[in-house]
Every structure is written in C-alpha cells, then in structure tokens.
Amino acid sequence: MAMEIALTKIFLLFFIIFFVSFVQAEIAVTISHNQGEEIASMFENEIALFNVDAVNLSNNPVQNLVIELSVDKELMLVDASGLNETKSRTFSIPVLSSGEGARQTIFVKALSKTDDAKIFANFGINTYTNLSATFVQVKDSPLNFVASLEKKDLDLAEKTKIFSTIENLSNNSFSNLELSLIADETIFADEKNFNFPKIEPKQKLSQEFSFYPKETIQGE
C-alpha cells in the first residue's frame, strides 16, 4: 500500500512537471527591432524601438505570464522621453487565449560600441523558466555633437546661452533629429526642444539654448 501511494505521488509529480514544461514550451516570446532588422544595428547614443511579442501556441489559455527584460552593459532600457534609464523591467500578461498574441514596445538606448550586445527576456508562468534573446550591434555615431557655454560665471538670475552644433560626418542623410536641453527645476529655459526633419551628408546644424538659473540659486 505504501509503495502504491509513493508510486502515485511520483506519477503525479512527474505529470505536473511534464504538464508545466509542456505548457510553457507552447509559449513563444520574441524580441525584434521595430524596423524589422534580423540583427538590430544602432549608433552610439541612439534610442530605438523594439517589440516584445508573446504568443500562446497551445490549445489552452495561459494565465499570469511574466516577462522580465534585461540588457547587456552596452545598452540601457529607457522610457519614451529617454530620460529614465534602467537595466531591467518586468511586466505581466494576465491571460493569453489559445492562439492569442500580445505585444509590448520598449525603448533601448545604445551606450557604447559593440558587435554582440543582447536584450534578454526571461519568461514563464508565475516564475521564469524560459529565456529568449536578440542581438544588437552598436556602431560609432556618424553625428558629431559639440556644446559650449556662453558664460560660466553668472550673476543671480542672469541669462546665458548654450551654443551647440551637430555635424553629419557620414555619406548618408538622417531624419527626425531632436535636440533637447535637460535641466533640473533650478534652471529655466526659453527653449527646451528643437526638431530637425533631416540632416544631409557633411551638413552642420547649429542651435542656441537660452536659460537662466533660479534667482535664489547660488553655487555650481
């Protein structure tokens, strides 16, 4: 009798492990560049959009699918503004019906040159049991950016400027450039964002930012 109970427990344990493994093997999670490149290619300091797609390939609904995203040291996960950076983030999908898919978009920033940086997705039901990844190549930026202050020593609330230039060193044109001034609450700027529809090969663009510190602020 004891032997039968033990065998029954072993069988049930085997069945549970097999069933969980089978169900999770029927979940596909892929990470792909928004432009459809097989191996994503980015420039240093570029922010690109990636898609994280989860598909339930089984005949049964899947509940509580958890996906944790992480990146190698040459990359960073950011939000849509590009300001808030993190090395990992987690999200969950409450229910995926049979054959149903779900997509999460993420923003990835390239930090330094590399041939094989990776974006990882650990996923599973309630816990992580599977791993998916995609490769990213990071190239030297073809855009040279230079910025300088009009004045470094200011009186209280005195206005000054930042002079900046962007030069396209390559033989290719680029579109949708955005130049932003990022400052804390002690700095007031007349302009914070400039958009350039296109920069042509060897072209140089110049832009000024006017700003002044809060009138009660002293020090650096």
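Residues numbered from 1 in each chain as written. Predicted model: local features only at pLDDT ≥ 70, side-chain atom pairs only at ≥ 80, totals over all residues. Heavy atoms only, no water.

**Observations regarding the nonpolar core**
Stage number 1. If you look at the biggest cluster of nonpolar residues, it comprises 29 residues, and the most contacted ones within it are Phe50, Leu65, Ile67, Leu75 and Ile119.
Stage number 2. Not counting the four nearest positions on each side in its chain, Leu75 is found in contact with Lys87, Val108, Lys109, Ala110, Leu111, Ala117, Lys118, Ile119, Val136 and Val138.
Stage number 3. Listed in part, the twelve residues of the second largest apolar core include Leu177, Leu181, Leu205 and Phe211. (Core = buried A, V, L, I, M, F, W, Y, C linked by side-chain atoms within 4.5 Å. Buried < 20%, exposed > 50% of the residue type's maximum accessible area, 1.4 Å probe, protein only. Contact = heavy atoms within 4.5 Å.)

**Looking at the sheet that holds strand β5 (residues 75–78)**
Within a sheet, adjacent strands bond to each other through the backbone by hydrogen bonds, running parallel or antiparallel.
Stage number 1. Spatially, β1-β3-β8-β5-β6 is the arrangement adopted by the five strands of the open sheet, whose pairing is antiparallel. The sheet is open, and its two borders are formed by β1 (27–33) and β6 (85–86), each paired with just one other strand.
Stage number 2. Where β5 and strand β8 (residues 101–110) come together, four bridges link them in antiparallel fashion. From the neighbouring strand, Leu75 faces β8, where its bridge partner is Ala110. (Pairing = 2+ DSSP bridges. Helix = DSSP H or I, 4+ residues; strand = E, 2+ residues; numbered from the N terminus.)

**So, the side chain of Thr160**
Stage number 1. Mapped onto the elements of the fold, Thr160 is located in strand β12 (residues 160–168).
Stage number 2. When its relative accessible area of 1% is taken as the criterion, Thr160 is described as buried.
Stage number 3. At 3.4 Å, the side chain of Thr160 and the side chain of Glu150 are in polar contact.
Stage number 4. In contact with Thr160, other than residues within four places in its own chain, are Glu150, Lys151, Leu154, Phe209, Ser210 and Phe211. (Polar contact = N/O pair within 3.5 Å; in protein donor to acceptor, adjacent residues only side chain to side chain.)

**Observations regarding the pattern of salt bridges**
Side chains that carry opposite charge are capable of pairing whenever their charged atoms lie near each other.
Stage number 1. Counted under the stated rule, the structure contains six salt bridges.
Stage number 2. Note that Glu85 is salt-bridged to Lys109, the shortest N-O span being 3.5 Å. Taken together, the residues Glu85 in strand β6 and Lys109 in strand β8 connect sequence positions 24 residues apart.
Stage number 3. Accessibility expressed as a relative area gives 41% for Glu85, which makes it partly exposed.
Stage number 4. A salt bridge links Lys151 to Glu158; its shortest N-O distance comes to 2.6 Å. (Salt bridge = Lys/Arg side-chain N within 4 Å of Asp/Glu carboxyl O.)

**Section: the sheet that holds strand β7 (residues 88–96)**
Stage number 1. Judged by pairing direction, the sheet is mixed, and its five strands sit side by side in the order β2-β10-β9-β4-β7 without closing on themselves. Lying at the two open borders of the sheet, with one neighbouring strand each, are β2 (40–43) and β7. Taken over all neighbouring pairs, the strand axes of this sheet differ in orientation by 25 degrees on average, direction set aside.
Stage number 2. As paired elements, strand β9 (residues 114–125) and strand β10 (residues 130–139) share eight bridges and run antiparallel to each other. From the neighbouring strand, Thr114 faces β10, where its bridge partner is Val138. (Axes fitted to C-alpha atoms, helices over the stretch in contact; angles between N-to-C directions.)

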